Amino acid sequence: VVGKAECLRRLLMTAGDFSNQSFEELLFEEERPRFLRFMSENPESGLPTGKATDADTPVSAPPCLRVSLKGAGHRIGVDLFHVKMAHLFGE
């Protein structure tokens, strides 16, 4: 997790600081193998190569995984989308 992640703190209803915490730690133990498998897959595999502006080329949604995060005493269901974000954080 990058930064304080105030929105994540509100979602999980906790006062914790998530700076530099591994996102995997927010998952329930039984969710971690599926998450790791999901993240190890190529986010671009199986997606059409056409541009979104091509009327004849369908553009599909990126891969998605539903997981439960550890909230304040309960599970919070979220959908994770695996997409490549070029040049994020100057990388």
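Here the structure is shown first, and the text comes after it.
Note that the structure is a prediction, hence the values are computed from the model and not measured.

Colleague: Describe in detail the pairing of strand 1 (residues 64–70), supporting the description with residues and values.
Modeller: Where strand 1 and strand 2 (residues 75–81) come together, seven bridges link them in antiparallel fashion. When the sheet's bridge partners are listed, K70 is paired in strand 2 with R75.

Colleague: Residues and numbers for the nonpolar core, please.
Modeller: Inside soluble globular proteins, nonpolar side chains tend to come together where they are buried. With 14 residues, the main nonpolar core has L8, L12, V67 and L69 as its most contacted residues. When contributions to this core are tallied by element, the ones reaching two or more residues are helix 1 (6–12), helix 2 (32–40), strand 1 and strand 2. Beyond its immediate stretch of four places on either side in the chain, L69 contacts L8, L11, L12, F23, L26, L27, F28, H74, R75, I76 and V78.

Colleague: An account of the environment of G77 is needed here, citing residue identities and associated values.
Modeller: Counting through the fold element by element, G77 comes out in strand 2. Here the alpha-carbon distance between G77 and V67, two residues ten residues apart in the chain, equals 5.8 Å.

Colleague: Would you mind going over the packing of aromatic side chains in detail, with residue names and values included?
Modeller: Under the definition given, this model contains one aromatic pair. The side chain of R75 reaches across the aromatic face of F28, ending 3.8 Å from its centre.

Reading the values: the criteria
Note that residues are indexed from 1 along each chain, following the sequence as it is written. Note on the predicted model: pLDDT of at least 70 is required for a residue's local features to be given, and 80 or more for side-chain atom pairs to be given and counted; whole-chain, interface and lining totals, by contrast, use all residues. No hydrogens and no water enter the side-chain calculation; it runs on all heavy atoms of the structure. Paired strands, as defined in this entry, are two strands with at least two bridges between them according to DSSP. Going along the chain from the N terminus, every DSSP run of H or I of four or more residues is numbered as a helix, and every run of E of two or more is numbered as a strand. Working definition of a nonpolar core: buried Ala, Val, Leu, Ile, Met, Phe, Trp, Tyr and Cys residues. They are joined through side-chain atoms within 4.5 Å. Between buried and exposed lies partly exposed: a residue is buried under 20% and exposed over 50% of the maximum accessible area for its type, with that area taken using a 1.4 Å probe on protein chains only. When checking whether two residues touch, look at their non-hydrogen atoms; a contact exists if any pair is within 4.5 Å. Between rings of Phe, Tyr and Trp, where Trp is taken as its six-membered ring, a pair exists when centres lie within 6.5 Å; planes separated by under 30 degrees are stacked, by over 60 edge-to-face, and by other angles tilted. Charges are assigned to positions over rings by a cutoff of 6 Å between ring centre and Lys NZ or Arg CZ, combined with an angular limit of 35 degrees from the ring normal.

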